[in-house]
Amino acid sequence: MALTQDEMKQEVAKAAIEYVEAGTIIGVGTGSTANCFIDELAKIKGKIEGTVASSVASADRLKAHGIPVFELNDVNGLSVYVDGADESTHHLHLVKGGGGALTREKIVAAASKKFVCIADESKLVDRLGKFPLPVEVIPMARSLVAREIIKQIGGQPVLREGFTTDNGNIILDIHELDILDPIEVETTLNMITGVVTNGLFAKRPADILLLGTQNGVKTLS
C-alpha cells in the first residue's frame, strides 16, 4: 500500500524526535508537517524543558498539549529547530513561508544550533522557484517593493489577499521564478527597503533534511 502525503509527514515527524535532546529548549516550526511533529513531541514532553514557537498558531497547539512555550528573548539559544518546508534542494536550501510565518521561522532557525527540516518527497526539487517565494513586507511599502522585485530579480509579485502576518505585515508571493543562486536572491531581496525578510533559507540552510518517501524516511545532510 502506497503511503499518503499525510502518512509520510507523520513518519518524518516521528524520525525528528530522535534529534530532541533531553533537558533542552527546542524551536518548533509552523505548518502541517510541524503540527505532526508537535503531536509527536507531546508524547515525550516530560523529556524537554520547553519550546520556542515560530508562530502564534504553533504556540497555541503546543500549549494545548501542555508543552511549555517560552519567548525567545527569555532563553539562551535552542538546541534544535524542527520545521517543514515548501521546497528543498539537495543542498538543503529551502523555500518556506507558505503558512506566512517566515520571519519568525528565520529568527528561530538563526537561534538554533541545529536545523532539522522535515518534509515529504514531493518537496525535494532540483531548483527552487516553482513554489511562489513569500516576502514579508511593511504594508506602506507594498507597491514600492513589488516594483523593485520585478526590476531586480524578475518574477510576478502577488499580494496574498486577506492575510496579515503575526507581525502585522503583508506578504507578496513571487511567482514565475527560477532561482539559480538562492543565496544571491535571498540577499538581494532583503536589501530592498520595506522588505522584512523573504522565504529563502539559503544563507542558513537546513543542517539535516528528513524526507518522507514510499521507502521510509531518508536522511539528507
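Residues numbered from 1 in each chain as written. Predicted model: local features only at pLDDT ≥ 70, side-chain atom pairs only at ≥ 80, totals over all residues. Heavy atoms only, no water.

A.B. asks: I would appreciate a short explanation of the pairing of strand E1 (residues 25-28) in the present structure.
C.D. replies: Each regular strand displays side chains that alternate between the two surfaces of the sheet. Of the two faces of E1, the one holding Ile25 and Gly27 and the one holding Ile26 and Val28 are both buried throughout. Examined bridge by bridge, E1 and strand E2 (residues 50-53) share four bridges and lie parallel to one another. From the neighbouring strand, Ile25 faces E2, where its bridge partner is Gly50. Read as a crossover between parallel neighbours, the route from E1 over helix H2 (residues 32-41) to E2 is right-handed. By the bridge criterion, two bridges tie E1 to strand E3 (residues 81-83) in an arrangement that is parallel. Note on E3: the bridge partner recorded for Gly27 is Tyr81. (Buried < 20%, exposed > 50% of the residue type's maximum accessible area, 1.4 Å probe, protein only. Helix = DSSP H or I, 4+ residues; strand = E, 2+ residues; numbered from the N terminus. Pairing = 2+ DSSP bridges. Right-handed = clockwise from strand over helix to strand, strands pointing away.)

A.B. asks: Mind showing me how you'd approach the environment of Ile38 here?
C.D. replies: Position of Ile38 relative to the elements: it lies in helix H2. Residue contacts for Ile38: discarding those within four places in its chain leaves Val28, Ser58, Arg61, Leu62, His65 and Ile67. (Contact = heavy atoms within 4.5 Å.)

A.B. asks: Teacher, can you tell me more about the sheet that holds strand E10 (residues 195-198) here?
C.D. replies: Strand pairing in a sheet relies on backbone hydrogen bonds. The paired strands run either parallel or antiparallel. Spatial ordering of the open sheet is given by E8-E9-E7-E10, a layout of four strands whose pairing is antiparallel. Two strands in the sheet have a free side with no partner beyond their single neighbour: strand E8 (156-159) and E10. Averaged over all pairs of adjacent strands, the angle between their axes in this sheet comes to 30°, without regard to strand direction. Here four bridges tie E8 to strand E9 (residues 170-175), and the two strands are oriented antiparallel to one another. (Axes fitted to C-alpha atoms, helices over the stretch in contact; angles between N-to-C directions.)

A.B. asks: Is there a simple way to think about the packing of aromatic side chains in this case?
C.D. replies: Both the distance between ring centres and the angle between the ring planes are used here to describe each pair of aromatic rings. Taken as a whole, this structure holds two aromatic pairs when the rule is applied. Pairwise contacts between aromatic rings join Tyr81, Phe115 and Phe201 into one cluster. Sitting above the plane of the Phe201 ring, Lys106 keeps its charged end 5.3 Å from the centroid. Its guanidinium or amino end placed over the ring of Phe163, Arg160 lies 5.3 Å from that ring's centre, counting from NZ or CZ. (Phe/Tyr/Trp six-rings, centres within 6.5 Å; stacked < 30°, edge-to-face > 60°. Lys NZ or Arg CZ within 6 Å of the ring centre and 35° of its normal.)

A.B. asks: Which parts of the structure should I look at to understand the pattern of salt bridges?
C.D. replies: The tally for this structure, following the rule as stated, stands at 11 salt bridges. Between Arg61 and Asp39 there is a salt bridge, with its nearest N and O atoms 3.0 Å apart. Remark: Asp39 occurs in helix H2 and Arg61 occurs in helix H3 (residues 56-64); sequence separation between them is 22 residues. With a relative accessible area of 33%, Arg61 lands in the partly exposed category. The exposure class of Asp39 is partly exposed, given its relative accessible area of 27%. (Salt bridge = Lys/Arg side-chain N within 4 Å of Asp/Glu carboxyl O.)

A.B. asks: What exactly am I supposed to notice about the state of the cysteines here?
C.D. replies: In protein chemistry, a disulfide is the covalent bond that joins the sulfur atoms of two cysteines. On inspection of all chains with the given rule, the structure shows zero disulfides. Here Cys36 is not disulfide-linked; the sulfur of Cys117 is the nearest cysteine sulfur, at 13 Å. Among the residues examined, Cys36 registers a relative accessible area of 17% and is labelled buried. Given a relative accessible area of 0%, Cys117 falls into the buried group. (Disulfide = S-S within 2.5 Å.)

A.B. asks: Is there a simple way to think about unusual backbone geometry in this case?
C.D. replies: Backbone phi values are negative for most residues with the exception of glycine, while trans is the configuration of most peptide bonds. Backbone geometry at Leu92 places phi at a positive 70°, although glycine is not the residue there. Structurally, the position occupied by Leu92 is in the loop between strand E4 (87-88) and strand E5 (94-95). Note on Leu92: relative accessible area 3%, which makes it buried. At Glu176, a residue that is not glycine, the phi angle is positive and equals roughly 60°. The class of Glu176 is exposed, set by a relative accessible area of 68%.

A.B. asks: Please clarify how the side chain of Glu186 should be interpreted in this entry.
C.D. replies: Mapped onto the elements of the fold, Glu186 is located in helix H6 (residues 182-190). Every residue in contact with Glu186, bar those within four places of it in the chain, is listed here: Lys106, Asn198, Leu200, Phe201, Ala202 and Lys203.

A.B. asks: Explain the nonpolar core to me, please; I cannot follow it from the model alone.
C.D. replies: In summary, soluble globular proteins display a tendency toward joint burial of nonpolar side chains. The biggest cluster of nonpolar side chains holds 24 residues, and the ones touching the most others in it are Ile26, Phe37, Leu41, Ile118 and Leu210. Mapped onto this core, the elements with two or more residues apiece are helix H1 (5-16), E1, H2, H3, strand E6 (115-120) and strand E12 (208-213). Beyond its immediate stretch of four places on either side in the chain, Phe37 contacts Ala13, Ala16, Ile17, Val20, Ile26, Val28, Val82 and Ile118. Counting 20 residues, the second largest nonpolar core, distinct from the first, contains Val95, Val125, Ile174 and Val195. (Core = buried A, V, L, I, M, F, W, Y, C linked by side-chain atoms within 4.5 Å.)

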